[in-house]
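# A look at the structure
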Amino acid sequence: MNYIAYFNQICHLNEQNPINLSKKLLNLSAKEYHNDRKLMLANDEFIENIIGFSCQENNEKIIRNAILILGHIGFMYQFFPNSAFEFILQYKDEKKLIFYVAKSIHLFPQFIRHQEYSEILLKLANGTPKKECMLLLYVIISRLLDKIDDNEFLLKIVDIFKEFIERYPQLYQSQNEYPNLIGKILENYIIKNV
């Protein structure tokens, strides 16, 4: 399939460079909610074509953009097909992509039920750039905390944030948000579930 012609036609784009096309598709998927865009983007055919395009091009930037596109579409239009989830999941071991994988995949309802959710989040904690990865980890844990019932994992998260606070005590998050999350986990989740 000629993905470039396909995307140019249905998205009213005019781009021949695959990387630039992936950037335009990413921008299109990140725009505000619109019914016309929902019809165009939140359907199985479009998702399969995004996946096919990124696999055909096999370029790290295009794959990164595809992961983010699938996350944007899922979040914006509450459209979470398994094919998109599985596509994102296959890059969980790519160090350069773990930030983007976590940023998108945690939005999928399938994520917290997946056996590797904790492994992915622990990889994010060790990702780079460190400060951005920790902020994303904070957002994800805060969002999913009520659904996590693994005390061992939660204790690891507490230790990760404590270590980060010691390393970067001057950061706003280290003085406010991260200690609050640690306290919430210890008071409301670890003790309660033991």
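Residues numbered from 1 in each chain as written. Predicted model: local features only at pLDDT ≥ 70, side-chain atom pairs only at ≥ 80, totals over all residues. Heavy atoms only, no water.

### Re the overall build of the protein
Along its length, the protein carries 13 helices and 0 strands. Tracing the protein from N to C terminus, the helices and strands come up as α-α-α-α-α-α-α-α-α-α-α-α-α. Counting only residues that meet the buried cut, the protein has 49% of its 194 residues in that class. The contacts of the protein with a sequence gap of at least 6 include a subset with a gap of at least 24, amounting to 65%. Treating the 22 positive side-chain charges of the protein as one cloud and the 23 negative ones as another, the clouds have centres 5 Å apart. (Helix = DSSP H or I, 4+ residues; strand = E, 2+ residues; numbered from the N terminus. Buried < 20%, exposed > 50% of the residue type's maximum accessible area, 1.4 Å probe, protein only. Contact = heavy atoms within 4.5 Å. Lys, Arg positive; Asp, Glu negative; His and termini not counted. Charge placed at Lys NZ, Arg CZ, Asp CG, Glu CD.)

### Section: the nonpolar core
Core analysis: the largest hydrophobic core is formed by 73 residues, its most contacted members being Phe7, Leu25, Phe46, Phe87, Leu137, Ile141 and Phe161. When residues no more than four places from it in sequence are discounted, the contact partners of Phe87 are Ile51, Ser54, Cys55, Ile63, Ala66, Ile67 and Leu70. (Core = buried A, V, L, I, M, F, W, Y, C linked by side-chain atoms within 4.5 Å.)

### Some details on the environment of Arg37
Mapped onto the elements, Arg37 comes out in helix H3 (residues 35-41). Since its relative accessible area comes to 12%, Arg37 is described here as buried. Here the alpha-carbon distance between Arg37 and Tyr77, two residues 40 residues apart in the chain, equals 9.4 Å. Those residues in contact with Arg37 that lie beyond four places of it in its chain are Leu28, Lys31, Glu32, Ala42 and Tyr77. A polar contact is formed between the side chain of Arg37 and the backbone oxygen of Glu32, at a distance of 2.8 Å. (Polar contact = N/O pair within 3.5 Å; in protein donor to acceptor, adjacent residues only side chain to side chain.)

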